[in-house]
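# Per-entry structural report
Given next are the chains, with one letter for each unit.
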2 protein chains.
Amino acid sequence: MSDIEERLEFLDELSAAAREITLPLFRSGVAAENKAESGYDPVTEADIEAERELRRLIRARFPDDSIEGEELPDHVGSNAYSWTLDPIDGTRGFVAGVPVWSTLIALSQHGEPVLGMIDLPALNIRAVGDISGEPVAHLIHDNGETERLQVRTIDTLSEARLGCTQPFGMFGPGELAAYKIIQSGVAFSRLGLDAFGYVLLAQGRMDLMIEGGMKPCDVRALMPVIIGAGGVITDWHGGNPKDGPRLVACGSPALMDELYTYLGRAMT
Amino acid sequence: MSDIEERLEFLDELSAAAREITLPLFRSGVAAENKAESGYDPVTEADIEAERELRRLIRARFPDDSIEGEELPDHVGSNAYSWTLDPIDGTRGFVAGVPVWSTLIALSQHGEPVLGMIDLPALNIRAVGDISGEPVAHLIHDNGETERLQVRTIDTLSEARLGCTQPFGMFGPGELAAYKIIQSGVAFSRLGLDAFGYVLLAQGRMDLMIEGGMKPCDVRALMPVIIGAGGVITDWHGGNPKDGPRLVACGSPALMDELYTYLGRAMT
């Protein structure tokens, strides 16, 4: 088994460990309690606890790998592999009871993402992409059923379905203007999807995701899933999006070229 | 068993019948096919087929009740009861693979909603409200588990969680301005929820829903769920919202009064 195959298999163990911490809290609704009143934020606590547990498991199994996460300081290893962790992506949805929050885990090799997992515990599914060789991505249901992920190729903006988590919140004024031009031309847009939107894109049910304000730990796990499903994912200029903050993903390279002309203007 | 109790029990049969038509289509992803190419829209077909089946069941069991639905002409009965049906509310989410679409069924007595069901087949839950007597609402899980729905009472806008399906799409310019004033003052907002947002409000996980462009078949099933859970649901002036198009729902009467001052201005 190759280094990467070993780590791909290890994703099962990591996602199971994170779920043990996150899922009971989501279901119980404790997350809905008001942190202003109690001075205690159970979601941030669970996020940190899950990240600590993931780090412990990774260091026990692959002690030379590097680790970066949203909540805790980076661990610098001694080989080519680094993990990027976000135990609860979409904390607002998590708090509000919306089941589209996810656990994001990416493995990079020499700084480039090669494996990505979007685990959706409340929806009983996870998407896993592997672009270390021939790109491939799968959707794995909790019952073991597995399907190959494949984007659909819609080349015309007016037929495309656009997703974005929060246009008012994640864009600056110039970015919002570019987004609205594109949004006014699509078949329809769906909001509030968080990382689940990228799974729907990889499934061929959405065509286009445009987001801003993203951190490396938000982005890296998405890349192998989208590329593995045959899609394109870049920053707003067509460059490597791995460090954020702006992200565009699409099933069609031709449509992507059209989008850059709108998105590029947002920066001037 | 009273007339209304009989009809309350009958909701089980109706939701099961609708699910048989809607759920396989949602899961198969056939809904993702492009109707422009095929000239055939499977979602509209399923919506009509499910409405036809619900009407058939209602007419067989309660032949004197009236029926109105989104897709087919009204049936005028001869007693005090009328059904309002929307087999697939949130068709865009349905098409895109987002599991928050629902089947909405309301029963009105002398024109006022008394029973409401929000069935969420892809999330394995449904919310049912009964305000024919002492208002009450329950969340029923597919495994039979049932919990009483109860809003939480957040009186301060800055602590409230706001939901809205699509601010860009469902509001006119004056409405959008009022929405944005409120949105800028809340703890956070979540978009893209469709009728599921009202279930989260009834659960005490969201505090506030503000929407526009609603039809009677979108609104009536929501009212008994929100009122049964102890919440308030009105149009933007505090009037009866049963015919739409503008809707505001909240767990706190005090916060609602504050909202009317913003929402009222949108109309001038």
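Presented here is a report on the structure given in the accompanying data block. Just so you know, these numbers come straight off a predicted model, no measurement behind them.

## Considering the overall build of chain A
- Along its length, chain A carries 10 helices and 12 strands.
- The principal-axis extents of the C-alpha atoms in chain A amount to approximately 50 × 50 × 40 Å.
- Burial analysis of chain A (268 residues in total) assigns 60% to the buried set.
- In chain A, once contacts between residues fewer than 6 apart in sequence are set aside, the share between residues at least 24 apart is 59%.
- Here chain A carries 22 positive and 41 negative side-chain charges, and the mean point of each set is 3 Å from the other.

## Overview of the packing of aromatic side chains
- Applying the stated criterion across every chain yields a total of 17 aromatic pairs over all chains.
- When the centroid spacing of 5.7 Å and the interplanar angle of 55° are considered together, the rings of A:Phe171 and A:Trp236 count as tilted. Of this pair, A:Phe171 sits in the loop between helix H5 (167-170) and helix H6 (173-183) while A:Trp236 is found in the loop between strand E11 (232-234) and strand E12 (247-250), placing the two residues 65 residues apart along the sequence.
- The class of A:Phe171 is buried, set by a relative accessible area of 9%.
- Looking at A:Trp236, the relative accessible area reads 1%, which means it is buried.
- Judged by centre distance (5.3 Å) and plane angle (80°), the rings of B:Phe10 and B:Phe62 are edge-to-face.

## Side note on the pattern of salt bridges
- With the rule as written, the count across this model stands at 28 salt bridges over all chains.
- When the shortest N-O distance is used, the salt bridge between B:Arg152 and B:Asp207 registers 2.7 Å. Here B:Arg152, found in the loop between strand E7 (146-148) and strand E8 (161-164), pairs with B:Asp207, found in the loop between helix H7 (196-203) and strand E10 (208-211); they are 55 residues apart in sequence, far enough to count as distant.
- On the basis of relative accessibility, which here comes to 16%, the residue B:Arg152 falls in the buried class.
- Among the charged side chains, a salt-bridge network with shared partners connects A:Arg19, A:Asp119 and A:Asp142.

## Concerning empty space enclosed by the protein
- Under the criterion given, the structure shown has 1 cavity of 30 Å³ or more.
- A volume near 50 Å³ is recorded for the largest cavity.
- Lining the largest cavity we find A:Val98, A:Val100, A:Arg190, A:Leu191, A:Gly192, A:Leu193, B:Val98, B:Val100, B:Leu191, B:Gly192 and B:Leu193.
- Grouping the constituent residues of the lining of the largest cavity by class yields 8 nonpolar, 2 polar and 1 charged.

## A word on the sheet that holds E8(B)
Residues and elements named next belong to chain B.
- Taken together, the 5 strands give an open sheet; going across it, the order is E9-E8-E10-E12-E11, and neighbouring strands pair in mixed fashion. The sheet is open, and its two edges are formed by strand E9 (188-191) and strand E11 (232-234), each paired on a single side. Adjacent strand axes in the sheet meet at a mean angle of 15° when their direction is disregarded.
- Sheet analysis places E8 next to E10, joined by 2 bridges and oriented parallel. Looking at E10, one finds that Gly163 is bridged to Met209.
- Relative to the sheet, helix H10 (residues 253-265) contacts E10, E11 and strand E12 (247-250), its axis offset from that of E12 by approximately 155°.

The rules behind the values
Residues numbered from 1 in each chain as written. Chains lettered and ligands numbered in written order. Predicted model: local features only at pLDDT ≥ 70, side-chain atom pairs only at ≥ 80, totals over all residues. Heavy atoms only, no water. Helix = DSSP H or I, 4+ residues; strand = E, 2+ residues; numbered from the N terminus. Buried < 20%, exposed > 50% of the residue type's maximum accessible area, 1.4 Å probe, protein only. Contact = heavy atoms within 4.5 Å. Lys, Arg positive; Asp, Glu negative; His and termini not counted. Charge placed at Lys NZ, Arg CZ, Asp CG, Glu CD. Phe/Tyr/Trp six-rings, centres within 6.5 Å; stacked < 30°, edge-to-face > 60°. Salt bridge = Lys/Arg side-chain N within 4 Å of Asp/Glu carboxyl O. 1 Å grid on protein atoms, 1.4 Å probe; cavity = no way out; pocket = protein on both sides within 12 Å on 5 of 7 lines; lining within 4 Å. Points joined across faces, edges and corners; volume = space filled by probe spheres on them. Nonpolar A, V, L, I, M, F, W, Y, C, P; charged D, E, K, R; others polar. Pairing = 2+ DSSP bridges. Axes fitted to C-alpha atoms, helices over the stretch in contact; angles between N-to-C directions.

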